[in-house]
Amino acid sequence: MLAERTVRRLSIRAPADALARRAGFLIEDALRTASLPGDGAELLLLRRVRLPPFAPGVSPQQVALHLEAVCRAAIAVDGSLVDDAALGAAPAVRFADALTAHLALTRLLLADTARQAWCWPLVVTNYRPTLGRAAALRALALSLAELPEAPAALPRWMALLLANSDAACAALVLALRSDDVARLQLACKGARRQAPPSAPAHWQSLLDWSAGQLGGDDGRHRWLLDMAVLCGVAVDHHIRRERGGADHGEDKALATRRVACHTGGDGGDKKRCAADAFDAALAAQQAALGALPAALPAATPAASSVPKSPHAADMGAPPRHLAAPPQAAAAASDGPPAPVAENVPGAGKAVASSEPSAAQSPATAPEAGRELTAPPVALAKDSPSTVDKREALLSSDAATAAGGLLLLVPLLNRLGLADFLGDDSAPSALPQRIFATLLRRLAIADADPLWLLCVLPLAVDREADGEAVRWLGHCRRHLRRHVGIGLYSLVCRPARIAITATHVDVRQDLNAVDLRIRRAGLDVDPGWVPWLGRVLRFHYGRDQG
């Protein structure tokens with residue numbers, strides 16, 4: 001898949017208009033052909049790139065070499081680890097993927113800190129630092145909806161938003177327009193349901209407020225219901241309440257008290273005191289805004305002038321999180337002709353991190369007939385610290401002995417796995433069970449990063465295991481008859497793999513190209529794979545294995 005590179009502004013100095021036009025064509029061609037840093041999910045943003053002067057008769061390949069040298073010399077900071085001031089001063093910024101970048105900006109919004117860095121308008125479409133909180137959250141949601149991995153990115157973004165600020169979610173809902181809701185619903189089409197959230201009371205309170213404030217027929221409320229389902233929340237009682245409506249007023253009052261006291265102890269006096277403090281802060285906000293949700297904690301929903309509630313969530317230090325599609329850089333120069341490219345986002349181009357993974361907890365490859373257990377990081381409940389550790393692990397770039405496992409994804413698509421699973425949002429462990437069964441049979445080490453794709457633990461289920469074996473049989477027969485290769489030869493090949501919440505990038509050495517696999521088209525990038533829940537890309541290069 002050809003990486004997308006975009007340039008916000010291009011400045012060229014040349015002695016004649018014809019030479020300036022030729023320089024523009026040369027730079028455009030160089031952006032298509034240059035091997036810029038990174039080629040996976042990582043997002044690379046360059047503030048300014050200055051190319052050395054080049055003669056009118058220079059070839060596009062020479063300009064591409066100049067561009068490669070300048071971009072590789074740029075020192076990029078990790079946007080998820082530094083504050084807004086450091087980002088504003090950095091010449092280049094990188095994120096693990098687009099979702100990581102959106103989550104980083106969301107944390108700044110929720111913490112009500114500065115968000116003026118030059119990189120944010122390049123990350124989020126239609127974002128401006130002068131936007132209020134509600135308008136900025138709307139821009140973030142619509143920007144995520146434009147990504148290929150939106151079915152996986154939007155639920156994760158909503159989960160982070162709701163876990164830190166109920167009222168921010170309410171402000172987002174009130175800021176959405178009818179056409180916005182249609183775009184968001186379309187973006188999440190085909191998304192798979194995630195694991196149940198660790199704090200469903202937040203979702204319940206938001207849905208209670210939405211049903212009472214907007215009504216069951218409002219498109220924004222229906223979108224919230226869909227997002228709650230994708231985030232693993234049971235919403236049947238909300239649907240029944242909208243149809244019956246007899247006890248809605250009482251339930252809304254109960255929801256208000258529950259949200260006000262959900263952090264309190266068991267004592268009745270403590271709960272009543274928390275509820276009184278909540279009501280006082282809520283009344284102040286309602287006087288300022290007029291439409292603050294009555295069933296949510298009083299946190300600042302839109303304007304910074306509204307006083308914050310003492311119940312507003314404390315963001316703390318921004319953890320290292322996940323993120324979406326890659327992006328890279330563009331061109332510039334001094335002299336005749338001398339182009340200068342400023343604010344250069346590589347939309348679809350990334351910088352591959354050369355740093356080793358900070359933490360790698362091994363997964364377990366169980367013996368046949370045993371329950372498939374999870375890595376220690378994934379066994380615990382979704383507490384914030386556990387989620388951060390798991391996502392740091394998933395963002396790692398590690399070596400694998402089964403680099404060809406994901407070559408089965410295009411094959412399973414051809415064999416009709418997507419049609420077999422259907423289009424509903426019900427979670428299905430069949431694809432992960434297929435991978436786990438094959439990894440176990442091939443005796444892949446339990447520390448191999450590919451075990452992270454198996455959504456462990458998988459409970460013992462003989463019928464499901466039999467279905468996975470049948471699909472592997474289909475794959476084996478197709479490979480033998482039409483490709484001339486076996487499962488072992490296809491899967492067991494060294495590679496490097498980078499896994500994030502929304503992307504999987506498999507990198508192999510250029511010498512590992514197999515003409516049988518190439519002719520069969522098994523290493524053609526499938527892009528977004530709904531049943532895998534990620535964007536999948538294959539890369540070949542030097543020293544990738």
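Here the residue numbers are simple positions, counted from 1 along each chain's written sequence. Thresholds applied to this predicted model are a pLDDT of at least 70 for local features of residues and 80 or more for the giving and counting of side-chain atom pairs; totals over whole chains, interfaces and linings are not thresholded and use all residues. Neither water nor hydrogens contribute to the side-chain values; these are computed over all heavy atoms in the structure.

**A few points about the pairing of strand 7 (residues 495–499)**
Burial analysis of strand 7 places four of its five residues in the buried class, the great majority of the element. By this definition, two strands are paired if DSSP reports at least two bridges between them. Numbering of helices and strands runs from the N terminus; a helix is a DSSP stretch of H or I covering at least four residues, while a strand is a stretch of E covering at least two. As consecutive antiparallel partners, strand 7 and strand 8 (residues 503–509) are separated by three residues. Only protein chains enter the calculation, and the probe is 1.4 Å; a residue is then buried if its accessible area is under 20% of its type maximum, exposed if over 50%, and partly exposed in between.

**Description of the nonpolar core**
Buried Ala, Val, Leu, Ile, Met, Phe, Trp, Tyr and Cys residues that are joined via side-chain atoms within 4.5 Å together make up what is termed a nonpolar core. One finds Trp 120, Trp 157, Met 158 and Trp 203 to be the most contacted residues of the largest nonpolar core, which totals 66 residues. With nine residues, the single largest contributor to this core is helix 4 (residues 98–111). Formed by 46 residues, the second largest nonpolar core is a distinct cluster that contains Leu 407, Ile 434, Leu 458 and Val 483.

**Regarding helix 1 (residues 17–33)**
Helix span, as expected, comes to 1.5 Å for every residue beyond the first. For helix 1, spanning 17 residues, the distance from its first C-alpha to its last is 25 Å, which sits close to the expected 24 Å at 1.5 Å a residue. Every buried residue of helix 1 is accounted for by Ala 23, Gly 24, Leu 26, Ile 27, Ala 30 and Leu 31. Viewed along the axis of helix 1, the buried residues span an arc of 165°, placing them on a single side of the element. In helix 1, the exposed residues that point more than 90 degrees away from the buried face are Asp 17, Arg 21, Phe 25 and Arg 32. Each direction from the helix axis to a C-beta atom contributes to the arc, which is the arc of those directions.

**Thoughts on a nonpolar patch on the surface**
Residues Leu 510, Val 513 and Leu 515 make up a contiguous nonpolar surface patch of roughly 240 Å² in combined accessible area. Along the chain, Val 513 turns up in the loop between strand 8 and helix 22 (515–520). To count toward a patch, a residue needs a relative accessible area above 30% and no salt bridge. Like charges then connect within 9 Å, nonpolar side chains (Val, Leu, Ile, Met, Phe, Trp, Tyr) within 5 Å. Computed with the Shrake-Rupley method and a 1.4 Å probe, the accessible areas treat only the protein chains shown as cover for residues. Any carboxyl oxygen of Asp or Glu that lies within 4 Å of a side-chain nitrogen of Lys or Arg is treated as forming a salt bridge with it.

**Section: helix 19 (residues 430–441)**
The terminal C-alpha atoms of helix 19 lie 16 Å apart, and with 12 residues this matches the ideal 16 Å at 1.5 Å per residue to within 8%. Here helix 19 lies mainly inside the structure; 11 of its 12 residues are buried. Those residues of helix 19 not exposed but buried are Leu 430, Pro 431, Gln 432, Arg 433, Ile 434, Phe 435, Ala 436, Thr 437, Leu 438, Leu 439 and Arg 440. Note on contacts: a residue pair qualifies if any of its non-hydrogen atoms lie within 4.5 Å across the two residues. Those residues of helix 19 that are buried are in contact with helix 17 (408–414), helix 18 (417–421), helix 20 (462–483) and helix 21 (487–491). A positive phi of about 55° marks Ala 443, the residue just after helix 19.

**A look at the side chain of Arg 133**
Among the structural elements, Arg 133 can be located in helix 6 (residues 133–145). Working convention for charge: Lys and Arg count positive, Asp and Glu count negative, and His plus the chain ends are omitted. Buried within the structure, Arg 133 lacks any salt-bridge partner; Asp 112 is the closest side chain of opposite charge, at an N-O distance of 4.8 Å. Residues adjacent in sequence count toward polar contacts only when both atoms are side-chain atoms; beyond that, a polar contact is any pair of N or O atoms within 3.5 Å, and within protein one must be able to donate a hydrogen and the other to accept it. Side-chain polar atoms of Arg 133 contact the backbone oxygen of Leu 109, separated by 3.2 Å.

**Digging into the packing of aromatic side chains**
Two aromatic rings, drawn from Phe, Tyr or Trp (for Trp, its six-membered ring), form a pair once their centres lie within 6.5 Å of each other, and the interplanar angle then sorts them: stacked below 30 degrees, edge-to-face above 60, tilted otherwise. On inspection of all chains with the given rule, the structure shows two aromatic pairs. Look at Phe 95 and Trp 120: their rings are 5.9 Å apart centre to centre, the planes differ by 40°, and that puts the pair in the tilted class. Pair noted here: Phe 95 is in strand 4 (residues 92–95) and Trp 120 is in helix 5 (residues 120–123), with a separation of 25 residues, a long-range link. Assigned by exposure class, Phe 95 and Trp 120 land together as buried.

**Structural notes on the sheet that holds strand 7**
Spatially, five strands are ordered 6-7-8-10-9 in an open sheet, and the strand pairing comes out mixed. What marks the edges here is a single partner per strand, and that holds for strand 6 (397–400) and strand 9 (527–529). Sheet twist, expressed as the average angle between the axes of neighbouring strands with direction ignored, equals 30°. Where strand 6 and strand 7 come together, four bridges link them in antiparallel fashion. Directly across from Ala 399, in strand 7, lies its bridge partner Arg 496. Note on method: axes are straight lines fitted to C-alpha atoms, helices fitted across the in-contact stretch only, with angles between N-to-C directions ranging 0 to 180 degrees.

**A word on a positive patch on the surface**
Throughout, a charge is located at the NZ atom of Lys, the CZ atom of Arg, the CG atom of Asp or the CD atom of Glu. Residues Arg 441, Arg 476, Arg 477, Arg 480 and Arg 481 make up a contiguous surface patch of positive charge. Sorting elements by how many residues they give to the positive patch places helix 20 first, with four residues. Tracing the backbone through its elements, the reader meets Arg 441 in helix 19.

**Observations regarding the packing of helix 7 (residues 150–164) against helix 11 (residues 219–230)**
Where helix 7 meets helix 11, the axes come as close as 10 Å, and the angle between the chain directions of the two elements is 95°. In this view, helix 7 runs roughly perpendicular relative to helix 11, as classed from their interaxial angle. Residues Leu 154, Pro 155 and Met 158 of helix 7 form the contact with helix 11, whose participating residues are Trp 223, Leu 224, Met 227 and Leu 230. Each residue gets one label: Ala, Val, Leu, Ile, Met, Phe, Trp, Tyr, Cys and Pro are nonpolar, Asp, Glu, Lys and Arg are charged, and the others, such as Gly, are polar. Looking at the contact of helix 7 with helix 11 residue by residue, the classes come out as seven nonpolar, no polar and no charged. Any angle that falls under 35 degrees is termed roughly parallel, while one over 145 is termed roughly antiparallel, one within 65 to 115 roughly perpendicular, and all others oblique.

**What about the pattern of salt bridges?**
Considering all chains together, one arrives at 11 salt bridges under this definition. For the salt bridge of Arg 183 with Glu 146, the shortest nitrogen-to-oxygen distance reads 3.4 Å. Residue Arg 183 is located in helix 9 (residues 178–187), and its partner Glu 146 is located in the loop between helix 6 and helix 7; the two are separated by 37 residues in the primary sequence. Residue classification places Arg 183 among the partly exposed positions, given a relative accessible area of 36%. A salt bridge links Glu 467 to Arg 470; the shortest N-O distance between them is 2.5 Å.

**Remarks on the environment of Val 491**
One can find Val 491 in helix 21. Sequence separation between Val 491 and Leu 408 is 83 residues; the distance between their C-alpha atoms is 8.4 Å. Discounting residues that sit within four places of it in the chain, Val 491 has contacts with Ala 401, Ala 402, Gly 403, Gly 404, Leu 405, Leu 438 and Leu 442.

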